[in-house]
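Secondary and tertiary structure notes
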Amino acid sequence: MIPGFGGAVISPGEAGYDSARAIWNAMHDRRPALIARPQSPRDVAAAIRYARTAGLPIAVRGGGHSMPGHSVCDDGIVIDLRELGQVRVDPRARRATVGGGALLGEVDRATQEHGLVLPAGVVSHTGVGGLTLGGGVGRLMRRYGLTIDSLLSAQVVTAEGGLLRASADENADLFWALRGGGGNFGVVTEFEFALHELSELVILATWHPLEEARQVMERGRREMGDPAARDELLWTSFLRRANDVPWVPPELVGRRGIMSLVEWSGDPGEGRALLSRIRDDLEPAASDLSVVPFLFMQTVTDDLFAPGLRTYIKAGFAADLPGELIGALLDRAALIESPISQIELLALGGAIARVDPSATAFPFRQARWLINIPATWRDAADDDQETAWARATYAAVKPYLSEGSYVNFMGDDEDDTAAAYGRTIERLRQVKAVYDPANVFRLNQNITPAVGAA
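Here is a short report on the structure shown in this document. (Residues numbered from 1 in each chain as written. Predicted model: local features only at pLDDT ≥ 70, side-chain atom pairs only at ≥ 80, totals over all residues. Heavy atoms only, no water.)

Moving on, we come to the packing of aromatic side chains. Scanning the model with the defined rule gives 6 aromatic pairs in all. Each ring, one from F191 and one from F193, has its centre 5.6 Å from the other, and the planes form 15 degrees; the classification is stacked. When its relative accessible area of 1% is taken as the criterion, F191 is described as buried. The exposure class of F193 is buried, given its relative accessible area of 0%. Each ring, one from F362 and one from F364, has its centre 5.9 Å from the other, and the planes form 85 degrees; the classification is edge-to-face. (Phe/Tyr/Trp six-rings, centres within 6.5 Å; stacked < 30°, edge-to-face > 60°. Buried < 20%, exposed > 50% of the residue type's maximum accessible area, 1.4 Å probe, protein only.)

Structure below.
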């Protein structure tokens, strides 16, 4: 069906079509004309050529976690990379070669066999490709930087069907753009990452009722705003209904409040001492302090955020957490209805901020907090209610946010997707004009090519 294509091709009506087109966010129920599963970069190139000749839009699927549903399309071709999911680890060199269709859990299992980690996301069924190309925030970002800061090279199939290697020494402009510019420039079939030593974390998990949430956020602000704050320390808080986990008493489950994860990725003894002091100061209604294997921590929320949920997301960066912003967050948290919706406050800084802002396409390295508002629910009848809550919450906090949005935490109704790329957008448009002047790869937070730049 596709000339020169050696992988499987699934058409409407064939066995497996419906499961193959389903993605993580059930809000998007789309019916592609073809689903192509390449087994090699050559197959990817053949699929791209076929789609261009037939005038079909191209969606590229890694893990299928695209919030706006860009992993699938109507009446086009989905290039499904799941067969290109190999992970090879060189423990001596501390390097991993990762296929474009690999999931985070596959990378974690392979690297942890050698006591090594790739700083990436926190849900193991997320695709490595999409997460990396957008920047890559996660629990090790303050210590080791964003995922793109561990990226050494990428193998890319271009819109013309060519195969390129992008690195600091080869196609350096493309390598710069891939680190934060999303899937705008080609299909990445292989990543090469530097790895880091780590096998366990010290985790303090706490829950406070909503009336005590301000003091928790203010403590997090002081802790992470301290110039002496160690890179090994990460503070993340979630305004949400308490979920059913072993350390939360049954009578608290479902109550609105603030759940926090204070994580330490350094020496366990030092971390226990620090996190014990924080717990004693905060006096949470429920808590747990444990030394946890990294691999376990990476899967702890997999079931909570299993595929098939419905989600709508808004997010932005903040330079600080002033009292007015905290007040706005608390007002909106009091209106949370879904047991899965939440407002996330993720501390940034550390190694992220020490990378030259011009070194990669990710432009928001000086932000101190990432505020994420993912409304998540199960019943389609709640669509309007939940999306309205997320939009109103974002509107309430927007006056306190700094410039820009995180490309991996954006919906499909943004007024200006250039907000995802900040001051790097013009340089990205120049690179787009070189590698994809016809905007073949447009199912993403799209960067339009600069006119005449190629």
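Before going further, it helps to examine the nonpolar core. Core analysis: the biggest nonpolar cluster contains 63 residues, and M217, L239, L275, L329 and I343 have the highest contact counts within it. Those residues in contact with M217, other than ones at most four positions away along the chain, are L239, I258, L321, I326, L329, L330 and L345. A120, L133, L195 and V431 belong to the second-largest nonpolar core, a separate cluster that totals 35 residues. (Core = buried A, V, L, I, M, F, W, Y, C linked by side-chain atoms within 4.5 Å. Contact = heavy atoms within 4.5 Å.)

A word on the environment of Y400. Along the polypeptide, Y400 turns up in the loop between α11 (383–397) and α12 (425–435). Look at Y400 and you get partly exposed, because its relative accessible area is 33%. Sequence separation between Y400 and L195 is 205 residues; the distance between their C-alpha atoms is 36 Å. With residues up to four places along the chain from it excluded, the contact list for Y400 reads A318, E324, L325 and A328. (Helix = DSSP H or I, 4+ residues; strand = E, 2+ residues; numbered from the N terminus.)

Let us look at unusual backbone geometry. One non-glycine residue, E283, adopts positive backbone phi at about 50 degrees. Note on E283: relative accessible area 62%, which makes it exposed. Here the phi dihedral of N439 falls at roughly 55 degrees; this positive angle occurs in a residue that is not glycine. Mapped onto the fold, N439 is located in the segment after α12. Of the residues examined, N439 reaches a relative accessible area of 13% and is grouped as buried.

What follows covers the sheet that holds strand β2 (residues 34–37). Paired through backbone hydrogen bonds, the strands of a sheet run either parallel or antiparallel to each other. Pairing is mixed across the open sheet formed by 4 strands, whose spatial order is β1-β2-β4-β3. The strands lining the two open edges of the sheet, one partner per strand, are β1 (8–10) and β3 (58–61). Between one strand axis and the next, the sheet turns through 20 degrees on average, direction left out of account. Here β2 pairs with strand β4 (residues 77–80) via 3 bridges, running parallel. Looking at the pairing, A36 lines up with I79 of β4. Here helix α2 (residues 41–54) sits on the sheet in contact with β2, β3 and β4, set at roughly 170 degrees to β4. (Pairing = 2+ DSSP bridges. Axes fitted to C-alpha atoms, helices over the stretch in contact; angles between N-to-C directions.)

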